Amino acid sequence: MSDKHTLPASLLAPNVDPGRLGFEDTSEIEPLEETIGQERAVEALEFGLQMNSSGFNIFVSGPVGTGKGTLVRQMVKRLAQTAPSPADWCYVHNFQDASRPTCLSFPAGQGASFKREMGAFIEGLRRDIPAAFEGKKYLDAKAKIIEDTEGRKKSLFHELTTLCRQRGFGFEETPVGFGLVPLKDDRPMNEKELEELSEPAQQELTERRQSLESEMREFHVRIHTLEREAEQALHHLDHQVVANVMKGAYETLQHTYQRLQPFTTYLQRVHHDIIHQYKDFLPHSTPMLPIPGLEQTRRPDMTRFAVNLIVARDAAAGAPVVDESHPTYSNLIGKIERRAHLGVMYTDFTEIRAGAMLQANGGYLILQALDLLPQPFSWEALKRVIKTGAVTIEDPAEFYGFATAGLRPEPIPVSVKVILVGTAGIYHLLQAYEEDFPKLFKVKADFDVEVPHDERQERQYARFVAKLCREEALPPFGADAVAEVIRQSFRFADRHDRLSLRFSLVSDLIREAGYWARKDSHSFVTRADVESA
């Protein structure tokens, strides 16, 4: 081979002069805070993260090992810390349609307070309502209503008895109630005496009987009216007692959350339900021989007053950042769990669970494209949420054609910045074959794999080494070791004039060099340690 075609080995991976780095070892320099050589990607990320318009979600493209995932998490967390904390979300019972639970939102941190206060409110009623119904004041008022009703019934009966005697009739007890019997000398007439009556006398007796029977029907109507009025009066008394018992706690809750209209409406429905279903708070008799496993079914169900807090925030934590590593449909959107009792599966609104979309509501959701796309229904569900701006938690069994008489929770509005991380190949496939993709992911942050070599990049590399050494407690690198790391970076890039940005490879090289330095009891990492790595 001609000498003019010979390529010196020094040009494949040029040596770097340690003297121009300007330090003895990396403990003397500041760790790197920014990113090396990804200015275009950082600019695109900043643009996408700060754009609040619809569809400006971000696809982060680049080969594996360029540090794109780490950079995305760092930038998102930094931005999220300065953002306000989004709302808490919970599901509550829908008193108009139990199959469609209602969602309520609260300012960050107030959802847990509401759940505690509702629990204390119901527990207080379970204690105070039975005590009120056992109190002397209530028992006296109830006895007075019953006594007044019985007095009025006796008065009506006395009037009817007097009228009957005036017309020559008395009462006799029959298997179906009371019947009229003619009287003679204040005693009932027997059949012989009735037969001896003349025909005009029998006709007159029949007319008087018919007249009295009409009066008796009127008497029964009036008695029934009195009983119904007494029953209504007792119900009214019971409702007043229950309203008085919960008045203080109810008004406190109303005052606390009076600015939240959905909560005010919900609390009014709770109040109405308690007033009309107050017997659920009273003691219930149990069978003499209870059947194991069935005792629970005899107790009134108070689940309808529970609060299912599915998303709870810290008011000082900023916007949420969720990095979902396993984006199945249930993990992404949410699920409705079921419980088994005596061989029967059942569910209610307390079994609704939030997915990553709801946990990231008001913040940022990071997904890996290779993890998301193979999952059944996940990609379609993600698109639907971005398009509609709401999360609807459904049973995935329905997607397979299984009809389930389940819950239909009210959709929860969401505002999430989605960051999808993948390779350039996945990006181009989605761009070509998924018609909704360009509308939903309008920002692309493309990560480079190499950067032109200059003295500034050498100093950046040195600061990156210093950063990794401090984060992972590695021995400091000498200037000659850093120079060797930079030389190896030429080899990773397969270019003599460019440095590699595959920092996963560079980081592993630094870690292995630190291992050999410790093994040989070196106080700092040398060029030989890097060569050994």
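Residues numbered from 1 in each chain as written. Predicted model: local features only at pLDDT ≥ 70, side-chain atom pairs only at ≥ 80, totals over all residues. Heavy atoms only, no water.

A.B. asks: Please explain the overall build of the protein chain as it appears in this structure.
C.D. replies: Check the secondary structure of the protein chain and you find 19 helices and 19 strands. A buried classification covers 41% of the 533 residues belonging to the protein chain. Summarising the internal contacts of the protein chain: among those between residues at least 6 apart in sequence, 76% fall at separations of at least 24. When the accessible surface of the protein chain is totalled, it reaches about 29600 Å², and 51% of it is carbon and sulfur. (Helix = DSSP H or I, 4+ residues; strand = E, 2+ residues; numbered from the N terminus. Buried < 20%, exposed > 50% of the residue type's maximum accessible area, 1.4 Å probe, protein only. Contact = heavy atoms within 4.5 Å. Areas by Shrake-Rupley, 256 points an atom, 1.4 Å probe, with all protein chains shown as cover.)

A.B. asks: Got a minute to help me understand the sheet that holds strand β7 (residues 308-311) in this structure?
C.D. replies: Strand pairing in a sheet is mediated by backbone hydrogen bonds. Such pairs are either parallel or antiparallel. What the three strands build is an open sheet, ordered β3-β2-β7; its pairing is antiparallel. Each end of this open sheet is capped by a strand with a single partner; those strands are β3 (102-106) and β7. Within this sheet the neighbouring strands show an average axis-to-axis angle of 30 degrees, counted without direction. Here three bridges tie strand β2 (residues 88-92) to β7, and the two strands are oriented antiparallel to one another. (Pairing = 2+ DSSP bridges. Axes fitted to C-alpha atoms, helices over the stretch in contact; angles between N-to-C directions.)

A.B. asks: In this structure, what is going on with the nonpolar core? I would like to understand it.
C.D. replies: Among soluble globular proteins, nonpolar side chains are generally buried collectively. With 40 residues, the main nonpolar core has L332, M357, L365, L382 and F441 as its most contacted residues. Other than its neighbours up to four places away in sequence, L365 contacts V322, E324, L332, A356, M357, A360, V416, K417, V418 and I419. (Core = buried A, V, L, I, M, F, W, Y, C linked by side-chain atoms within 4.5 Å.)

A.B. asks: Which parts of the structure should I look at to understand the side chain of S507?
C.D. replies: As for its placement among the helices and strands, S507 is situated in helix α18 (residues 503-519). If sequence neighbours within four positions are ignored, S507 has contacts with F464 and L468.

A.B. asks: How should the sheet that holds strand β1 (residues 58-61) be read in this particular structure?
C.D. replies: The five strands lie next to each other as β8-β13-β16-β1-β17, forming an open sheet whose pairing is parallel. Sheet topology places β8 (321-324) and β17 (443-446) at the edges, where each strand pairs with a single neighbour. With strand direction ignored, the average angle separating the axes of adjacent strands in the sheet is 20 degrees. Direction of pairing for β8 relative to strand β13 (residues 364-368): parallel, over a ladder of four bridges. From the neighbouring strand, E324 faces β13, where its bridge partner is L367. Sheet strands in contact with helix α3 (residues 68-81) are β1, β8, β13 and β16 (417-422), and its direction is about 170 degrees off that of β13.

A.B. asks: Just checking my understanding: could you explain the layout of surface pockets for this structure?
C.D. replies: Where empty space is left can be seen by rolling a probe of water-molecule size over the atoms. Looking at the second largest pocket, its volume works out to about 620 Å³. Around the second largest pocket, the lining is made up of 32 residues, and of these T66, G67, K68, T70 and L71 lie nearest the centre. Sorting elements by how many residues they give to the lining of the second largest pocket places α3 first, with six residues. (1 Å grid on protein atoms, 1.4 Å probe; cavity = no way out; pocket = protein on both sides within 12 Å on 5 of 7 lines; lining within 4 Å. Points joined across faces, edges and corners; volume = space filled by probe spheres on them.)

A.B. asks: Teacher, can you tell me more about unusual backbone geometry here?
C.D. replies: Excluding glycine, residues mostly have negative phi values, and the peptide bonds linking residues are mostly trans. Unusually for a residue other than glycine, F377 sits at a positive phi of about 70 degrees. Among the structural elements, F377 can be located in the loop between α12 (369-372) and α13 (378-388). By relative accessible area, which is 30% here, F377 ends up partly exposed.

So, to be careful, I would describe these as geometric facts and stop short of saying anything about function.
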